[in-house]
Amino acid sequence: MSGRSILKRIDWISVLIYIALVLIGWSNIYSSTFTESQASLFNFGTLHGKQLFFICVSFVAIILVMALEVNFYERLSGVFYLVSMLTLLGLFVFGKTIAGATSWYDLGFMNFQPSELAKIATALALAKYLSDIQTDIKRRKDQLYALLIILIPALLIIPQPDPGSALVFFALIFVIFREGLPLFYLGIGFSLILVFVTTLMFGTVWITIALALLIILVYTLKRKTFKIPVIPLSLITVAVILFSLSVNFVFTNVFEQRHRDRFSLWLRLEKDPNKLEEIRKTIGYNTYQSEKAIESGGFFGKGFLEGTRTKGDFVPEQHTDYIFSTVGEEWGFIGTGTVILLFSILFLRLISLAERQKNAFARMYGYGVISILFIHYFINIGMVIGVLPTIGIPLPFFSYGGSGLLFFTILLFIFLKMDTNRLKENF
């Protein structure tokens, strides 16, 4: 396909939103790291200068991605997956530790985080497996293999430790649901999360009482023609109670103290208001300050480079995971609303593109892209405004980080390249 043909076929709505998010993100990185001595836009020794360099690198990567034949990505998806898993394994020997996580390779001119590459490779490998003519997602064996594709990189990332990046891979399960995995499994997953959270908040005793009342209510309201399977119901009840009993053990003996403190802050588990306030100002300090920064911005914001909390470095890591707080302080509700609107339009557009694909591999990869980008967006903003616990994952196209921006760009534009070929039934 010629370059002119690609320019005609590419989805310019997605491209323009991507460019807008990158530029808005960069302007906020500039603002959050601004000092009088480093005011030059093109000083590549500064954080905003380094990010500008990687923006240029990402634009070059877009050209390379669009120049390759579409079937290149499907044909070599297995190779990409294998290489990315090897890079994750290599971290245990050659990895560089940053902020307590051995998640990086020091390449001299940049730090490379292989989990970013693994996201692309896993999305491609999962799409390849699910689109294979021999795969039937209704079969238990094929369901297990699909889940293993997702589980392997997550298990390699968790010990780094980097639970935030590992969590992103589980978002790809929604691709499997889109392709026919019974919703029964999704119900089990949400039920386990619900039992876990409610056990932490109320304890196993109240979980048991609630189950007993529910069973009594069901049997009281049942009709004569409606038979309730007693044995399966009893087994489910016992399983839920056993799981609930294990929650406190996991919370106390598996979670680290910082994780327990974050859950205590999020779920208000600590009853002592003084201790809770202490946690907010220690473990929850970043979130506490980001909330204050956003709150101080009001409706219109304080203006570009006028954020007092931003200029005073009140919010740690404000140029990375907490970049959204800079938008809130300097651009107010209008700014944060605009960013959320841009992301929302992008997600809706990508869903529309995925649904119109004639090729199953392209459709499934498209939903993988949506899942990865959305989980980053949802958790990052939820974390910054205090409605989710601090996990530590960046806002796509927005947060500072060269390898993150580069691989998010490649992730998106591989799909946009596939979309340019949608009129052909086969690649």
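Refer to the structure above for everything that follows.
Residues numbered from 1 in each chain as written. Predicted model: local features only at pLDDT ≥ 70, side-chain atom pairs only at ≥ 80, totals over all residues. Heavy atoms only, no water.

Student: Any details on the overall build of the protein chain? Residues and values, ideally.
Tutor: From N to C terminus, the protein chain includes 19 helices and three strands. Burial status across the protein chain gives 48% buried among its 427 residues. Restricting the contact set of the protein chain to residue pairs at least 6 apart, pairs at least 24 apart contribute 69%. For the protein chain, the computed accessible surface area is about 21500 Å², with 68% contributed by carbon and sulfur atoms. (Helix = DSSP H or I, 4+ residues; strand = E, 2+ residues; numbered from the N terminus. Buried < 20%, exposed > 50% of the residue type's maximum accessible area, 1.4 Å probe, protein only. Contact = heavy atoms within 4.5 Å. Areas by Shrake-Rupley, 256 points an atom, 1.4 Å probe, with all protein chains shown as cover.)

Student: Give me the nonpolar core: which residues, what numbers.
Tutor: Within the largest apolar cluster, 94 residues are counted, with the highest numbers of intra-cluster contacts made by Leu350, Tyr365 and Phe413. Looking at this core element by element, the count peaks at 15 residues for helix 18 (residues 360-384). Phe196, Val197, Leu267 and Leu269 belong to the second largest nonpolar core, which has eight residues in total. (Core = buried A, V, L, I, M, F, W, Y, C linked by side-chain atoms within 4.5 Å.)

Student: Describe in detail a nonpolar patch on the surface, supporting the description with residues and values.
Tutor: Taken together, the side chains of Met201, Phe202, Val205, Trp206, Ile209, Leu213 and Ile216 make up a nonpolar region of the molecular surface, amounting to roughly 750 Å² of accessible area. Among the elements that take part in the nonpolar patch, helix 11 (residues 204-221) stands out by supplying five residues, more than any other. On the secondary structure map, valine 205 appears in helix 11. Classification of valine 205 by relative accessible area gives exposed; the value is 58%. (Patch = residues over 30% accessible without salt bridge, like charges linked within 9 Å, V, L, I, M, F, W, Y side chains within 5 Å. Salt bridge = Lys/Arg side-chain N within 4 Å of Asp/Glu carboxyl O.)

Student: Describe the pairing of strand 2 (residues 101-106), listing the residues and the values that go with them.
Tutor: Both strand 1 (residues 96-98) and strand 2 contribute to a ladder of three bridges, which runs antiparallel. Its bridge partner being in strand 2, threonine 97 is matched across the sheet by threonine 102. For strand 2 and strand 3 (residues 111-112), the ladder comprises two bridges, and the chain directions are antiparallel. Note that in strand 3 the partner of tyrosine 105 across the bridge is phenylalanine 112. Here strand 2 folds back onto strand 3, and the loop between the two strands holds four residues, one of which, glycine 108, carries a positive phi near 90 degrees. (Pairing = 2+ DSSP bridges.)

Student: Help me get a handle on the pattern of salt bridges, residues and values and all.
Tutor: This structure, assessed with the given rule, holds ten salt bridges. Among the salt bridges present, the one from aspartate 11 reaches arginine 349, with a minimum N-O distance of 2.5 Å. With aspartate 11 in the loop between helix 1 (3-9) and helix 2 (12-32) and arginine 349 in helix 17 (residues 323-355), the pair connects residues that are 338 residues apart, well separated along the chain. Residue class for aspartate 11 comes out buried when judged on its relative accessible area of 5%. The shortest N-O distance in the salt bridge between glutamate 179 and arginine 178 comes to 3.8 Å. The exposure class of arginine 178 is partly exposed, given its relative accessible area of 32%. A single network of salt bridges, built from pairs that share partners, joins Arg178, Glu179, Glu355 and Arg363.

Student: With reference to specific residues and values, describe helix 6 (residues 114-131).
Tutor: Spanning 18 residues, helix 6 covers 26 Å between terminal C-alpha atoms, matching the ideal 26 Å at 1.5 Å per step. Where burial is concerned, most of helix 6 is hidden: 15 out of the 18 residues are buried. (Expected span 1.5 Å × (residues − 1).)

Student: Outline the environment of methionine 201, supporting the account with residue identities and numerical values.
Tutor: Along the chain, the position of methionine 201 falls in helix 10 (residues 183-202). A relative accessible area of 36% places methionine 201 in the partly exposed class. Sequence spacing of methionine 201 and arginine 268 is 67 residues, and the spatial spacing of their C-alpha atoms is 8.1 Å. Excluding anything up to four places from it in sequence, methionine 201 contacts Leu267 and Leu269.

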